[in-house]
Amino acid sequence: MDEKLMDNSMNHPRIPMDILLQSRTPFYYYDMEVLHQTLEEIKRHTAGMNCVVHYALKANGNFNIISEIAKYGLGADLVSGNEIKAAIEAGFPAHEMAFSGVGKTDWEIKLGLEKGIGCFNVESIPELDIINQLASEMGKTAPIAIRVNPDIDAHTHKYITTGTAENKFGIGIKALLPVVRHALELPHIHLRGLHFHIGSQITQMQPYVMLCQTINALQDHYEQQGIRFEMINVGGGLGIDYNDPDTHLIPDFKSYFSTFKQHLNVRPNQLIHFELGRTIVGQCGSLITRVVFVKENRNKKFIIVDAGMTDLIRPALYGAYHKIENLTAGQAEPMEVYDVVGPVCESTDVFAHDRELPLTKRGDLLAVRSAGAYGESMASTYNMRDLPGSIFSSPL
Ligand SMILES: *Cc1c(COP(=O)(O)O)cnc(C)c1O
């Protein structure tokens, strides 16, 4: 272990004190060792499976992060033309890229065709027809999967559920067969398979078991019609432990992958795609922020920090919980209850309500943990604020 680490050395984030004290806040601190361990664990649990794990770039598109992930041989799950460009720059191979999204524009589709990406995950008939037309104009054949909405409730937050009937994603199972037949008839479309993604921050295996059962039944049904798929994409969405990151720093990949090994009836030579975002990068990142003021208002104590919802929007957007640590408070400080808030002119700019923290004072440094996914990638410049910086645990 690095000898520069001081008394927080046994905890994550293991930030060397010199970096902590000298860096301009707020910034994201990425522990690359945690990222590597996470990727190793994925490799270990998928060994021997005929599968490709795609990293969903939207979780964190920081170049240093995505180029590390690319080195591990993962594919990329992309939702915009600029993500295609970033993934190529980071070294992901084009044939292991999947392009999802309900609203792909013409330039984005053309870019994907030009670069030769491995799969367009198609969400509607109009999209299918446009991809066919653009591919025809370019003298190409577009590899596609059809995104199915399996109507499975992932029991997660309503804003991050994607696989139920009432949301905009995919094509319902009842409407699917004509779309599959249509895709098979289009001359510039190569139908590779079906794509599913039921939601995010899923911590129970039950929704995945249901997903496997749905896929098994669908495949049985389609095989009776003489339709076989070379590939099935089961999406992503596995959750991480926001409450206790240090106990579960590496997500439960064993349960996740074994659920599919056990319940998914994979056809001979069929390839399985996984698309994981949050679980790959969530625990390696912390948002480091400095206390600007501590103020008291009607018996309520507020810690006002220099990071805000523009740096990490999850609490404001989803009411998400993040563990917060005071990295500079003395060991013997008494515990107090605080609201931890940012400086942005919105009442939802709150990182935590009624949180117990050691007695905190102006200048203290706090870590907002488990912020590696949907943190930096969702940052904005609202209030004309600067974007947060990023610092990595080891020289890259
Ligand atoms: C966002 C997304 C993912 C990744 O979701 P996580 O919850 O971060 O694992 C995978 N597939 C698709 C289609 C997505 O939109």
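Further up the page is the structure itself.
Residues numbered from 1 in each chain as written. Predicted model: local features only at pLDDT ≥ 70, side-chain atom pairs only at ≥ 80, totals over all residues. Heavy atoms only, no water.

Draft legend 1. Region of the structure containing the packing of helix 2 (residues 32-46) against helix 9 (residues 253-263). Contact geometry of helix 2 with helix 9 gives a least axis separation of 10 Å together with a crossing angle of 25°. When the axis of helix 2 is compared with that of helix 9, the two are roughly parallel. When the axes of helix 2 and helix 9 are compared, the crossing they make is right-handed. Residue-level contacts link Thr38, Glu41, Ile42, His45 and Thr46 of helix 2 to Phe253, Lys254, Phe257 and Lys261 of helix 9. (Axes fitted to C-alpha atoms, helices over the stretch in contact; angles between N-to-C directions. Helix = DSSP H or I, 4+ residues; strand = E, 2+ residues; numbered from the N terminus. Parallel < 35°, antiparallel > 145°, perpendicular 65-115°, else oblique. Left-handed = near helix turned anticlockwise from the far one by under 90°. Contact = heavy atoms within 4.5 Å.)

Draft legend 2. Expanded view of the site of the ligand. In the neighbourhood of the ligand, 15 residues make up the surrounding shell, with Lys58, Ser200, Glu275, Arg278 and Tyr374 lying closest. For the ligand, an oxygen atom lies 2.7 Å from a polar atom in the side chain of Lys58. At 3.0 Å, a backbone N or O of Gly277 approaches an oxygen atom of the ligand. Out of a free accessible area of 390 Å², the ligand has 94% covered by protein chains. Its residues placed into classes, the shell around the ligand shows 3 nonpolar, 7 polar and 5 charged. (Near = heavy atom within 4 Å. Polar contact = N/O pair within 3.5 Å; in protein donor to acceptor, adjacent residues only side chain to side chain. Areas by Shrake-Rupley, 256 points an atom, 1.4 Å probe, with all protein chains shown as cover. Nonpolar A, V, L, I, M, F, W, Y, C, P; charged D, E, K, R; others polar.)

Draft legend 3. A look at the side chain of Glu376. With respect to the helices, strands and loops of the structure, Glu376 is situated in the loop between strand 16 (365-368) and strand 17 (389-392). Buried charged residue Glu376 carries no salt bridge. Nearest counter-charge: Arg24, at 13 Å. In contact with Glu376, other than residues within four places in its own chain, are Tyr28, Tyr30, Asn60, Asn62, Asp311, Pro388 and Ser390. (Buried < 20%, exposed > 50% of the residue type's maximum accessible area, 1.4 Å probe, protein only. Lys, Arg positive; Asp, Glu negative; His and termini not counted. Salt bridge = Lys/Arg side-chain N within 4 Å of Asp/Glu carboxyl O.)

Draft legend 4. Summary view of the packing of aromatic side chains. Taken as a whole and judged by the stated rule, the model has 12 aromatic pairs. The interplanar angle of 50° and the centroid separation of 6.1 Å between the aromatic rings of Phe99 and Phe120 together place this pair among those described as tilted. Taken together, the residues span a long stretch of sequence, with Phe99 in strand 4 (residues 97-99) and Phe120 in strand 5 (residues 119-122) at a distance of 21 residues. Grouping residues by exposure puts Phe99 and Phe120 together as buried. Following the ring pairs from residue to residue traces out a cluster consisting of Tyr208, Phe253, Tyr256, Phe257, Phe260 and Phe274. (Phe/Tyr/Trp six-rings, centres within 6.5 Å; stacked < 30°, edge-to-face > 60°.)

Draft legend 5. View of unusual backbone geometry. The omega torsion of the bond from Thr25 to Pro26 falls at -5°, within 30 degrees of zero and hence cis. Assignment of secondary structure puts Pro26 in the loop between helix 1 (17-22) and strand 1 (27-30). Residues other than glycine seldom take positive phi values, yet Asp151 does so here, at roughly 55°. Topologically, Asp151 is positioned in the loop between strand 6 (142-149) and strand 7 (171-172).

Draft legend 6. Broad picture of the pattern of salt bridges. For the structure on display, the rule yields 19 salt bridges. Between Arg24 and Asp386 there is a salt bridge whose closest N-O contact spans 2.8 Å. On the criterion of sequence distance, the pair formed by Arg24 in the loop between helix 1 and strand 1 and Asp386 in the loop between strand 16 and strand 17 is long-range, its members being 362 residues apart. Notably, a salt bridge pairs Glu68 with Lys71, separated by 2.7 Å at the nearest N-O pair. Here Glu68 and its partner Lys71 are both found in helix 3 (residues 63-71), 3 residues apart, which amounts to about one turn of the helix. Owing to a relative accessible area of 64%, Lys71 belongs among the exposed residues under this scheme. Among the ionic contacts, a cluster of salt bridges with common partners joins Asp220, Glu223, Arg228 and Arg267.

Draft legend 7. Just helix 7 (residues 176-185), in detail. For helix 7, the full list of buried residues reads Leu176, Val179, Val180 and Ala183. The arc enclosing the buried residues of helix 7, seen along the axis, measures out at 100°, which places them on a common side. Exposed and facing more than 90 degrees away from the buried side of helix 7 are Pro178 and Glu185. Contact partners of the buried residues in helix 7: helix 6 (125-137), strand 6, strand 7, strand 8 (189-195) and helix 8 (206-224). (Arc of directions from axis to C-beta.)

Draft legend 8. Helix 8, seen in detail. When the terminal C-alpha atoms of helix 8 are compared, their 28 Å separation across 19 residues agrees well with the 27 Å that a helix rising 1.5 Å per residue should span. Where helix 8 is buried, its residues touch strand 6, helix 7, strand 8, strand 9 (231-233) and helix 9. (Expected span 1.5 Å × (residues − 1).)

Draft legend 9. Examining the environment of Asp153 more closely. Topologically, Asp153 is positioned in the loop between strand 6 and strand 7. For the pair Asp153 and Met210, spaced 57 residues apart in sequence, the C-alpha to C-alpha distance is 9.5 Å.

Draft legend 10. Region of interest: the side chain of Asp241. The residue Asp241 is located in the loop between strand 9 and helix 9 in this model. One buried charged side chain, Asp241, makes no salt bridge at all; its nearest oppositely charged neighbour is Lys323, positioned 9.1 Å away. A polar atom in the side chain of Asp241 sits 2.9 Å from the backbone nitrogen of Asp244. Those residues in contact with Asp241 that lie beyond four places of it in its chain are His248, Gln283 and Ser370.

Draft legend 11. How the structure looks around the environment of Asp31. Among the secondary structure elements, Asp31 is positioned in the loop between strand 1 and helix 2. Judged by relative accessible area, Asp31 falls into the buried class, the value being 6%. For Asp31 and Gln283, which are 252 residues apart along the polypeptide, the C-alpha to C-alpha distance reads 8.6 Å. At 3.0 Å, the side chain of Asp31 forms a polar contact with the backbone nitrogen of Glu33.

Draft legend 12. Main features of the pairing of strand 8. With 6 of 7 residues buried, strand 8 is to be regarded as a mostly interior element. As judged from the 6 bridges shared by strand 6 and strand 8, these two strands associate in the parallel manner. Across the sheet, the residue bridging to Ile144 is Leu191, located in strand 8. In terms of strand pairing, strand 8 meets strand 9 through 3 bridges, oriented parallel. Within strand 9, the residue paired with His195 across the bridge is Asn233. For the segment spanning strand 8, helix 8 and strand 9, crossover handedness is right-handed. (Pairing = 2+ DSSP bridges. Right-handed = clockwise from strand over helix to strand, strands pointing away.)

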